[in-house]
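Structural overview
Letter by letter, the chains look like this.
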Amino acid sequence: MNELATLTFWILLGLVGGQGLMVLGWLRVLVRRTAALESDDAYCPRAAVILCLRGSDPFLTDCVEALLDQDYPEYEIRFVVDRREDPAWQVVEEVLQQRKATNVRIDPLRERRGTCSLKIASMLQAISGLDSSHEVVVLLDSDTIAHRTWLRELVAPLADERVGAAAGNRWYMPADASCGSLVRYLWNVAAVVQMYWYGIAWGGSMALKTSVFDRSDLLDRLAHAFGEDSTICRALVRAKLRVAFVPSAMMVNRETCDVPGFFHFLQRQLLTVRLHNPWWWAVVGHGIVTSAAQLFALGLLLVALLKTEWEVAAWAGGGLALYLAAMVLLMVPMEIGVQRIVRARREPTGWLNGATALRVMLAIPLTQVIYAAGLVSTFFVRIHQWRGIVYQFDGARSVRVIEDRPYVDTHSDSQTATSL
């Protein structure tokens, strides 16, 4: 048993080293100073911002108002709402009437495709209504409250002809640090690093060249897809274009969720990777190895303590303690780096006090357990409900809507998934 404990220790140490290198690489990109974008000759092609909505979300009013205040010379906003009777329609319409906006169009979803998610069906409808003057399409989720220079910063990397899309990512700073919110925060800290290294762009804040539609079969693939993020990224790879990560577009989400809501949200995030991303098995492998190593170390530690085998307990317990301590230490510079970006936008960052930080550390084991359960369950998911719409999956290009009814707010979904 001593040999097993020693091996487990070195496996955990290796995992710390590997994850540490990934975090350092991500931090290196994050801390790069964003280039000045205020000059008159900045790259600002005509853009269309698309926001797809089903149901009214906690920060929808703020999201719409922020879109209207963008420091960008020429852009349009295209809202596609599930139905005119949907509560989101009234929220958007009230803001538009108050602001008397002229660069906005709001439409109901007309073609309720049965072969892709309703969010993607709405995206495709909005894209089909654009003309050749639109060089850029920008995708946004309604939990994204864009700062004034967000659109400029997101579009700027597209000036490079080698770049087909640019995206930021989400970061959670919940107003109410509930157990579910803390688990979601911890999961996301790890997820943003994996997304960067695996080339998974976040569709909640993404700019895409419209020329990609002509250079690839993206529109056809979207018409049979559940999630847009990985589908877009795969099309860009085939078109020999890359995705640029925009550190200044790390967008803060301040919503609260419970553990069941987060688990449902987690399943959907993993499901889109399983269906559409070639790095799915890398995600699976990482999740299995990290979970199994920690569980095995914990088991060895308990058995060693019962048998009073102190050397075994030292190796197993030391490895486990080292791993957990390293995860905490890696989170610190990540949180500091994101807070620096957020403070530069004059947005509040004081969510993480001493008591909350302690609760975050205590939530690490629970997060690992929930993530492992979500990963395993994703293998068996064939039906998934998202905002009242029920989808069935038989493969990456076999997505069917099997139940579609008007939106009813049942609070059954995670409050982080704030679009169709």
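Residues numbered from 1 in each chain as written. Predicted model: local features only at pLDDT ≥ 70, side-chain atom pairs only at ≥ 80, totals over all residues. Heavy atoms only, no water.

**Points about the overall build of the protein**
- The number of helices and strands found in the protein is 14 helices and 10 strands.
- Computed over its C-alpha atoms, the radius of gyration of the protein comes to 22 Å, within 12% of the 22 Å expected for a compact globule of 420 residues.
- The C-alpha extent of the protein, read off along each of the three principal axes, is 75 × 50 × 40 Å.
- When contacts within the protein are restricted to residue pairs at least 6 apart in sequence, those whose partners lie at least 24 apart make up 83%. (Helix = DSSP H or I, 4+ residues; strand = E, 2+ residues; numbered from the N terminus. Rg over C-alpha atoms; globule rule 2.2 N^0.38 Å. Contact = heavy atoms within 4.5 Å.)

**So, the packing of aromatic side chains**
- What the rule picks out here adds up to 19 aromatic pairs.
- Between Trp 187 and Phe 265, the aromatic rings sit 5.9 Å apart at their centres with planes inclined by 85°, giving edge-to-face as the arrangement. One end of the pair, Trp 187, is in helix H6 (residues 179–198); the other, Phe 265, is in helix H10 (residues 259–276), with 78 residues separating them in the sequence.
- For Phe 265, a relative accessible area of 1% puts it in the buried group.
- Seen in terms of ring centroids, Tyr 198 and Trp 279 are 5.2 Å apart; in terms of plane orientation they differ by 10°. Their pairing is stacked. Highlighted residues: Tyr 198 in helix H6 and Trp 279 in the loop between H10 and helix H11 (280–307), separated in sequence by 81 residues.
- Within the aromatic cluster, the residues linked to one another by ring pairs are Trp 26, Trp 171, Tyr 185, Tyr 196, Trp 197, Phe 245 and Trp 351. (Phe/Tyr/Trp six-rings, centres within 6.5 Å; stacked < 30°, edge-to-face > 60°. Buried < 20%, exposed > 50% of the residue type's maximum accessible area, 1.4 Å probe, protein only.)

**A word on unusual backbone geometry**
- You will see that Lys 240, though not glycine, has its phi angle at about 60°, which is positive.
- Its relative accessible area of 75% is what places Lys 240 among the exposed residues.
- Phi is positive for Thr 308, which is not a glycine, with a value near 55°.
- Along the chain, the position of Thr 308 falls in the loop between H11 and helix H12 (310–344).
- The exposure class of Thr 308 is partly exposed, given its relative accessible area of 47%.

**Examining the sheet that holds strand S10 (residues 398–403)**
- Across the sheet, three strands lie side by side as S8-S9-S10; this open sheet has antiparallel pairing. Looking at the sheet topology across the chains shown, the edges are occupied by strand S8 (383–386) and S10. Recorded for the sheet is a direction-independent mean angle of 30° between the axes of neighbouring strands.
- Relative to S10, strand S9 (residues 389–395) is paired through five bridges, and the arrangement is antiparallel. In the sheet register, Tyr 391 faces S10, and the bridge partner there is Val 401.
- Packed on one face of the sheet, H10 meets S8 and S9 and runs near 125° to S8. (Pairing = 2+ DSSP bridges. Axes fitted to C-alpha atoms, helices over the stretch in contact; angles between N-to-C directions.)

**Details of the nonpolar core**
- Trp 26, Phe 79, Val 138, Trp 150, Trp 171, Tyr 185 and Met 334 are the most contacted members of the largest nonpolar core, which totals 95 residues.
- Excluding residues within four positions of it along the chain, Trp 26 makes contact with Trp 171, Val 192, Val 193, Tyr 196, Trp 197, Phe 245, Met 250, Met 334 and Val 338.
- If you look at the next biggest cluster of nonpolar residues, it comprises 43 residues, including Leu 118, Ala 165, Ile 389 and Tyr 391. (Core = buried A, V, L, I, M, F, W, Y, C linked by side-chain atoms within 4.5 Å.)

**Description of the side chain of Glu 335**
- Its location among the elements puts Glu 335 in helix H12.
- Arg 343 provides the closest opposite charge to the buried, salt-bridge-free Glu 335, at an N-O distance of 7.6 Å.
- Ignoring sequence-local partners within four residues, the contact set of Glu 335 consists of Trp 171, Met 173, Tyr 185, Trp 351 and Leu 352. (Lys, Arg positive; Asp, Glu negative; His and termini not counted. Salt bridge = Lys/Arg side-chain N within 4 Å of Asp/Glu carboxyl O.)

**Digging into a nonpolar patch on the surface**
- A grouping of Leu 295, Leu 298, Leu 302, Leu 305 and Trp 310 is seen on the molecular surface, where their side chains present a nonpolar patch of about 540 Å² in accessible area.
- No other element matches H11, which puts four residues into the nonpolar patch.
- Its location among the elements puts Leu 305 in helix H11.
- Its relative accessible area of 41% is what places Leu 305 among the partly exposed residues. (Patch = residues over 30% accessible without salt bridge, like charges linked within 9 Å, V, L, I, M, F, W, Y side chains within 5 Å. Areas by Shrake-Rupley, 256 points an atom, 1.4 Å probe, with all protein chains shown as cover.)

**What to know about the sheet that holds strand S6 (residues 205–209)**
- What the seven strands build is an open sheet, ordered S3-S2-S1-S4-S6-S5-S7; its pairing is mixed. Edge positions in the open sheet fall to strand S3 (104–108) and strand S7 (242–253), since each of these has one partner strand only. Direction aside, neighbouring strands of the sheet carry axes that sit 20° apart on average.
- The pairing of strand S2 (residues 75–81) with S3 spans five bridges and is parallel. Across the sheet, Arg 78 pairs through a bridge with Arg 105, a residue of S3.
- Each of strand S1 (47–53), S2 and S3 touches helix H3 (residues 87–99); the most contacted strand, S3, lies at about 160° to it.
- This element, helix H9 (residues 228–238), spans strand S4 (136–140), strand S5 (163–172), S6 and S7 of the sheet and lies at about 30° to S6.

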